[in-house]
Amino acid sequence: MKDVIAELELRRENARLGGGQRRVDAQHEKGKLTARERIEVLLDEGSFEEFDMFKQHRCTDFGMEKNHFPGDGVVTGWGTINGRIVYVFSKDFTVLGGSLSETHAQKITKIQDMALRNRAPVIGLFDAGGARIQEGVAALAGYGEVFQRNVLASGVIPQISVIMGPCAGGDVYSPAMTDFIFMVRDSSYMFVTGPDVVKTVTNETVTSEELGGASVHTVKSSVADGAFDNDVEALCQIRRLVDFLPASNTSDIPEIEVYDDPDRIEVSLDSLVPANPNKPYDMKELIEKFVDEGDFYEIQERYAANIITGFGRVEGRTVGIVANQPMVLAGVLDSDASRKAARFVRFCDCFSIPLVTFVDVPGFLPGTAQEYGGLIKHGAKLLFAYAEATVPKVTVITRKAYGGAYDVMSSKHIRGDINYAWPTAEIAVMGAKGAAEILYRSELSDADKIAERTKEYEDRFANPFIAAERGYIDEVIKPQSTRRRVSRALALLRTKKQENPWKKHDNIPL
């Protein structure tokens with residue numbers, strides 16, 4: 001028996017080395033952790049249970065029968081994050097560049113199947129060069145199996161991808177179908193085709209960072225939801241994100257013990273909105289003073305910054321927050337902001353996470369660039385997302401709510417449950433000056449007359465009371481009491497039940 005146990009330990013030690021000490025050292029020299037080291041940082045200490053440690057490829061072409069590594073380039077298993085079960089796979093770049101083979105894919109799909117059956121999140125750590133060329137179509141078939149499971153799991157269990165090295169070809173499509181993608185700055189890249197292929201096909205000379213680095217995908221393309229400075233920070237932040245998320249679409253949202261009084265009054269909010277309606281203020285100040293202990297986890301912080309999305313807690317329970325940001329483009333809705341918020345709203349609705357919306361929106365961004373870029377359809381995505389959502393929805397209008405953008409931002413008319421407004425709210429078809437110039441076009445030549453007409457319009461509509469008179473606003477509240485009022489509204493809606501008409505699936509404008 002001792003000999004058998006010794007043999008087992010020897011085999012395990014060999015498997016843990018991945019592609020060998022030389023390649024492990026090369027990984028460390030790049031400032032990157034190995035596949036197993038990443039799992040150790042991500043999961044609770046001692047909680048990881050590995051599957052298929054000894055699995056190997058079966059390819060015999062191109063000399064591959066002489067090139068075997070236990071585990072075949074991916075480490076898979078399950079463990080816990082703060083005591084909650086998650087499934088994980090971590091691609092090992094030290095083994096054949098982390099390339100995907102038929103058996104490599106089988107290890108991943110096994111984890112995906114288990115996660116779906118047992119209703120727990122899946123976290124994928126990517127550091128790979130795409131399909132294993134030596135296996136040809138067998139590798140492509142493996143990708144297809146992984147993709148299919150990504151789709152089936154969508155909206156059932158949270159799926160999180162962390163890009164921690166090169167990620168090309170088929171390896172970018174699986175993350176693209178997951179709920180969240182995070183990257184590591186200066187060491188992770190995502191592209192369908194790499195710089196060499198781009199140079200050959202289009203004659204463009206571009207670096208990996210310029211083509212698919214974190215700065216591209218978090219700012220320009222919106223492919224990634226966030227980026228971190230190194231492997232350890234990224235993995236610690238994923239642990240933090242998982243704490244906000246339910247295990248599945250049938251699980252309760254997480255609830256933790258907090259010591260922040262839900263009735264806390266924030267007097268400073270009474271002076272947050274400037275007297276000048278054209279002067280910006282930072283909506284993040286309101287969010288951080290609203291959520292428990294100022295703990296706000298922002299999603300896509302650097303993309304479409306004119307709208308804010310992220311997770312917080314109220315009375316220890318997760319809420320999704322969407323807010324216009326007056327500091328950027330005056331908080332206007334454009335194509336990018338609409339798509340960003342729509343995806344976030346739909347995620348929250350999938351997993352029964354209540355939505356809190358803070359509104360200060362002067363409308364949709366005008367111009368040929370927006371119209372040619374499909375603003376109508378992109379704006380409709382956000383409208384569609386809010387209108388179909390059946391989770392509790394609480395809305396607070398802090399200042400401007402103009403035109404169609406008022407309707408879109410979780411208004412009472414698209415099934416907002418509780419809609420509040422601050423006394424500074426302005427709910428109208430458009431701004432007072434523009435309205436006066438349209439209504440009194442014949443008086444445009446008289447500046448004093450137009451100024452008077454503008455003042456009349458402001459007095460009539462630049463307040464929340466017309467909407468409140470019609471029941472479109474449930475209550476006009478003091479800014480300082482926002483946390484208390486929204487907290488009570490969320491408690492009221494905790495048992496909300498609402499269903500949409502049966503359908504195979506909807507047809508959101510894509």
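That block above? That's the structure.
Residues numbered from 1 in each chain as written. Predicted model: local features only at pLDDT ≥ 70, side-chain atom pairs only at ≥ 80, totals over all residues. Heavy atoms only, no water.

Q: Outline the packing of helix 3 (residues 35–42) against helix 10 (residues 231–244), listing residues and values.
A: Each pair of packed helices can be described by the angle between their axes along with the distance between the axes. Running from amino to carboxyl end, helix 3 crosses helix 10 at an angle of 40°, the nearest separation of the two axes being 9 Å. The pairing of helix 3 with helix 10 is recorded here as oblique in orientation. Here helix 3 and helix 10 pass one another in a crossing that is right-handed. Mapping the contact onto sequence places Arg-38, Val-41 and Leu-42 in helix 3 and Asp-231, Val-232, Leu-235, Cys-236, Ile-238 and Arg-239 in helix 10. (Axes fitted to C-alpha atoms, helices over the stretch in contact; angles between N-to-C directions. Helix = DSSP H or I, 4+ residues; strand = E, 2+ residues; numbered from the N terminus. Parallel < 35°, antiparallel > 145°, perpendicular 65-115°, else oblique. Left-handed = near helix turned anticlockwise from the far one by under 90°. Contact = heavy atoms within 4.5 Å.)

Q: Which residues make up the layout of surface pockets, and what are the values?
A: One way to see where empty space is left: roll a probe the size of a water molecule over the atoms. The calculated volume of the largest pocket comes to roughly 2000 Å³. Considering the residues around the largest pocket, the lining is formed by 48 residues, among which Ser-154, Arg-346, Phe-347, Cys-350 and Glu-388 are closest to the centre. Listed by contribution, the elements that provide at least two residues to the lining of the largest pocket are helix 5 (137–153), strand 6 (180–184), helix 12 (335–350) and helix 14 (375–388). By residue class, the composition of the lining of the largest pocket is 18 nonpolar, 16 polar and 14 charged. Its boundaries defined by the atoms lining it, the second largest pocket holds a volume of some 560 Å³. Counting only elements with at least two residues in the lining of the second largest pocket, the list comes to strand 11 (317–324) and helix 19 (482–492). (1 Å grid on protein atoms, 1.4 Å probe; cavity = no way out; pocket = protein on both sides within 12 Å on 5 of 7 lines; lining within 4 Å. Points joined across faces, edges and corners; volume = space filled by probe spheres on them. Nonpolar A, V, L, I, M, F, W, Y, C, P; charged D, E, K, R; others polar.)

Q: I'd like to hear about the pattern of salt bridges, residue by residue, with values.
A: Working definition: two side chains of opposite charge can pair if their charged atoms are close together. Inspection of the entire model under this criterion finds 27 salt bridges. Here Lys-284 makes a salt bridge to Glu-301, at a shortest N to O gap of 3.5 Å. Taken together, the residues span a long stretch of sequence, with Lys-284 in helix 11 (residues 283–290) and Glu-301 in the loop between strand 9 (297–299) and strand 10 (307–314) at a distance of 17 residues. In this structure, Glu-388 and Arg-346 form a salt bridge, with 2.6 Å as the shortest nitrogen-oxygen distance. Taken together, the positions of Glu-388 in helix 14 and Arg-346 in helix 12 put the pair 42 residues apart, joining distant regions of the chain. Overall, Arg-346 belongs to the partly exposed group, its relative accessible area being 27%. Several salt bridges share partner residues, and in doing so they unite Asp-260, Arg-264, Glu-266, Asp-292 and Arg-483 into one network. (Salt bridge = Lys/Arg side-chain N within 4 Å of Asp/Glu carboxyl O. Buried < 20%, exposed > 50% of the residue type's maximum accessible area, 1.4 Å probe, protein only.)

Q: Talk me through the environment of Ile-427; I want residue IDs and the actual numbers.
A: Considering the arrangement of structural elements, one finds Ile-427 in strand 15 (residues 426–428). On the basis of relative accessibility, which here comes to 12%, the residue Ile-427 falls in the buried class. If sequence neighbours within four positions are ignored, Ile-427 has contacts with Ile-397, Ala-401, Tyr-406, Phe-461, Asn-463, Pro-464, Ala-467 and Ile-473.

Q: Describe the pairing of strand 4 (residues 122–128), and please don't skip the residues or the numbers.
A: Counting buried residues along strand 4, seven of its seven residues qualify, which places the element largely inside the surrounding structure. Burial of the side chains of strand 4 extends over both faces: Val-122, Gly-124, Phe-126 and Ala-128 are buried on one face and Ile-123, Leu-125 and Asp-127 on the other. For strand 4 and strand 5 (residues 159–168), the ladder comprises six bridges, and the chain directions are parallel. Its bridge partner lying in strand 5, Val-122 is registered against Gln-159. (Pairing = 2+ DSSP bridges.)

Q: Which residues make up the packing of helix 12 against helix 14, and what values do they have?
A: Axis separation between helix 12 and helix 14 bottoms out at 8 Å; the angle between their running directions is 20°. It follows from the interaxial angle that helix 12 and helix 14 lie roughly parallel. The element helix 12 and its partner helix 14 pack so that their crossing is left-handed. Between helix 12 and helix 14, the residues in contact are Ser-335, Ser-338, Arg-339, Ala-341, Ala-342, Val-345, Arg-346 and Asp-349 and Leu-375, His-378, Gly-379, Lys-381, Leu-382, Ala-385, Tyr-386 and Glu-388, respectively. Taken together, the residues that form the contact of helix 12 with helix 14 break down as seven nonpolar, four polar and five charged.

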